[in-house]
Amino acid sequence: MEIDLTKSPHLKITDFVPDAQILYHYTSIEALFGGIIVRQPQTDKEICLWMSNCQYMNDPEELNTGIRFASDILNISPDILEKHASEYQQITSFSAASDCLPMWAMYGKNGNGIALGFNKEIIEATVPSLYKCVYVTESNKARLQSEISALIENADPKDIENLPDSAGKIFIQMFANIVNSLAFYIVSCFYCKNPAYIYEQEIRSVLLTEESAKYRINNNLIIPYIEQYFPKSALKEIWIGPTNDMNRATYSLRKYLDHMGFNEVEIKQSQVPYRI
């Protein structure tokens with residue numbers, strides 16, 4: 001049984017931030033220079049972001065949080081979810097929050113970094129899936145349980161007659177067939193986060209793949225990742241973090257962007273009052 005995700009409006013990015021046309025990726029200038037802008041690109045592959053394994057995200061309990069939340073909502077064993085979830089783990093994170101102080105502190109090199117602003121429609125057209133995170137709150141749990149109940153009530157019995165147990169049927173079938181079911185996108189372990197991170201306004205691309213990963217070092221960990229490419233036209237603006245040397249950082253970034261053919265990318269300077 002396949003579910004049309006476009007008919008689940010609370011999952012659309014445009015509903016998350018109604019007027020958002022730009023999605024932000026907070027990072028460092030070193031990362032931009034070291035590979036985000038591809039030095040010898042193929043056509044429509046001028047930008048490269050790293051999809052990291054979800055076990056190495058900022059929240060050390062992230063996968064477990066998602067498994068527990070999905071288990072509660074679907075009334076299915078956490079062991080079943082953990083078994084399947086461990087196979088599919090590559091994530092790229094974006095944010096709907098521009099010039100956001102906690103985002104600068106957490107992901108923008110403590111204010112010395114940058115925030116890349118991408119055109120939402122181009123990103124959506126490029127990645128296999130792009131949906132907002134579900135924060136693990138009681139109100140979200142009640143809402144999702146209600147929606148899944150409605151889904152089950154409207155389901156064709158022929159679609160699920162050979163599978164056990166109501167809500168669990170949807171989740172088991174989704175993992176077995178890797179289909180775009182509603183259950184996957186709203187309670188998948190990869191989209192659930194602790195509400196302490198709600199300020200991130202996070203939107204994720206998740207790639208279900210067995211592709212061989214590359215490896216990088218970050219915070220004394222060896223992290224597997226997969227390269228995710230975007231066309232040059234996706235990058236619309238770059239924000240300079242609040243603790244940078246604004247004038248020199250802006251000048252040098254402008255020179256580099258023009259040199260690499262990103263002449264139309266706008267540079268903006270953070271307005272956040274922040275001192276380290």
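Structure: above.
What comes next concerns the included structure. Because the structure is predicted, anything quoted here is derived from the model rather than measured. (Residues numbered from 1 in each chain as written. Predicted model: local features only at pLDDT ≥ 70, side-chain atom pairs only at ≥ 80, totals over all residues. Heavy atoms only, no water.)

1. Structural notes on the pairing of strand β1 (residues 22–27)
Part 1 of the argument: Of all the six residues making up β1, six are buried; the element is thus mostly covered by neighbouring parts of the structure.
Part 2 of the argument: Where burial is concerned, the two faces of β1 agree: the one with Ile-22, Tyr-24 and Tyr-26 and the one with Leu-23, His-25 and Thr-27 are both buried.
Part 3 of the argument: Inspection of the sheet shows β1 paired to strand β4 (residues 114–119) by six bridges, in the antiparallel sense. Across the sheet, the residue bridging to Tyr-26 is Ala-115, located in β4. (Buried < 20%, exposed > 50% of the residue type's maximum accessible area, 1.4 Å probe, protein only. Helix = DSSP H or I, 4+ residues; strand = E, 2+ residues; numbered from the N terminus. Pairing = 2+ DSSP bridges.)

2. A word on a nonpolar patch on the surface
Part 1 of the argument: Together, Tyr-215, Ile-217 and Ile-222 give the surface a local cluster of nonpolar side chains, amounting to about 380 Å² of exposed area.
Part 2 of the argument: By the secondary structure assignment, Tyr-215 is in strand β9 (residues 214–218). (Patch = residues over 30% accessible without salt bridge, like charges linked within 9 Å, V, L, I, M, F, W, Y side chains within 5 Å. Areas by Shrake-Rupley, 256 points an atom, 1.4 Å probe, with all protein chains shown as cover. Salt bridge = Lys/Arg side-chain N within 4 Å of Asp/Glu carboxyl O.)

3. Here we look at helix α11 (residues 246–259)
Residues spaced three or four apart along an α-helix point in a common direction, a consequence of the helix completing one turn every 3.6 residues.
Part 1 of the argument: For α11, spanning 14 residues, the distance from its first C-alpha to its last is 20 Å, which sits close to the expected 20 Å at 1.5 Å a residue.
Part 2 of the argument: Listed as buried for α11 are Met-246, Ala-249, Thr-250, Leu-253, Tyr-256 and Leu-257. Looking straight down α11, one finds that the buried residues subtend no more than 135° of arc, so they occupy a single side. In α11, the exposed residues that point more than 90 degrees away from the buried face are Asn-247, Arg-248, Tyr-251, Lys-255 and His-259.
Part 3 of the argument: Against the buried residues of α11 lie α2 (29–36), β11 (235–240) and β12 (266–269).
Part 4 of the argument: A positive phi of about 90° marks Gly-261, the residue just after α11. (Expected span 1.5 Å × (residues − 1). Arc of directions from axis to C-beta. Contact = heavy atoms within 4.5 Å.)

4. Some details on the environment of Glu-121
Part 1 of the argument: In this structure, Glu-121 sits in helix α6 (residues 120–126).
Part 2 of the argument: The class of Glu-121 is exposed, set by a relative accessible area of 52%.
Part 3 of the argument: Spatially, the C-alpha atoms of Glu-121 and Leu-23 are 9.6 Å apart, while their sequence positions differ by 98 residues.

5. Brief notes about the pattern of salt bridges
Part 1 of the argument: Inspection of the entire model under this criterion finds six salt bridges.
Part 2 of the argument: Taking the shortest distance from any N to any O, the salt bridge between Glu-202 and Arg-204 comes out at 2.6 Å.
Part 3 of the argument: Relative accessible area serves as the criterion here: at 4%, Glu-202 is assigned to the buried category.
Part 4 of the argument: Residue classification places Arg-204 among the buried positions, given a relative accessible area of 0%.
Part 5 of the argument: When the shortest N-O distance is used, the salt bridge between Lys-268 and Glu-237 registers 3.2 Å. Here Lys-268, found in strand β12, pairs with Glu-237, found in strand β11; they are 31 residues apart in sequence, far enough to count as distant.
Part 6 of the argument: Judged by relative accessible area, Lys-268 falls into the partly exposed class, the value being 25%.
Part 7 of the argument: For Glu-237, a relative accessible area of 6% translates into the label buried.

6. Focus on unusual backbone geometry
Part 1 of the argument: One non-glycine residue with positive phi stands out, namely Asp-44, at about 65°.
Part 2 of the argument: Tracing the sequence through the fold places Asp-44 in the loop between α2 and β2 (47–53).
Part 3 of the argument: Look at Gln-201: it is not a glycine, yet its phi comes out positive at around 45°.
Part 4 of the argument: Locating Gln-201 in the fold gives a position in the loop between β7 (192–193) and β8 (202–207).

7. Topic: the side chain of Ser-95
Part 1 of the argument: For Ser-95, the position within the fold is in strand β3 (residues 90–95).
Part 2 of the argument: Among the polar contacts listed, one links the side chain of Ser-95 to the backbone nitrogen of Ala-97, at a separation of 2.9 Å.
Part 3 of the argument: Apart from the residues lying within four places of it in its own chain, the contact partners of Ser-95 are Leu-23, Tyr-24, Tyr-26, Met-103, Glu-200 and Gln-201. (Polar contact = N/O pair within 3.5 Å; in protein donor to acceptor, adjacent residues only side chain to side chain.)

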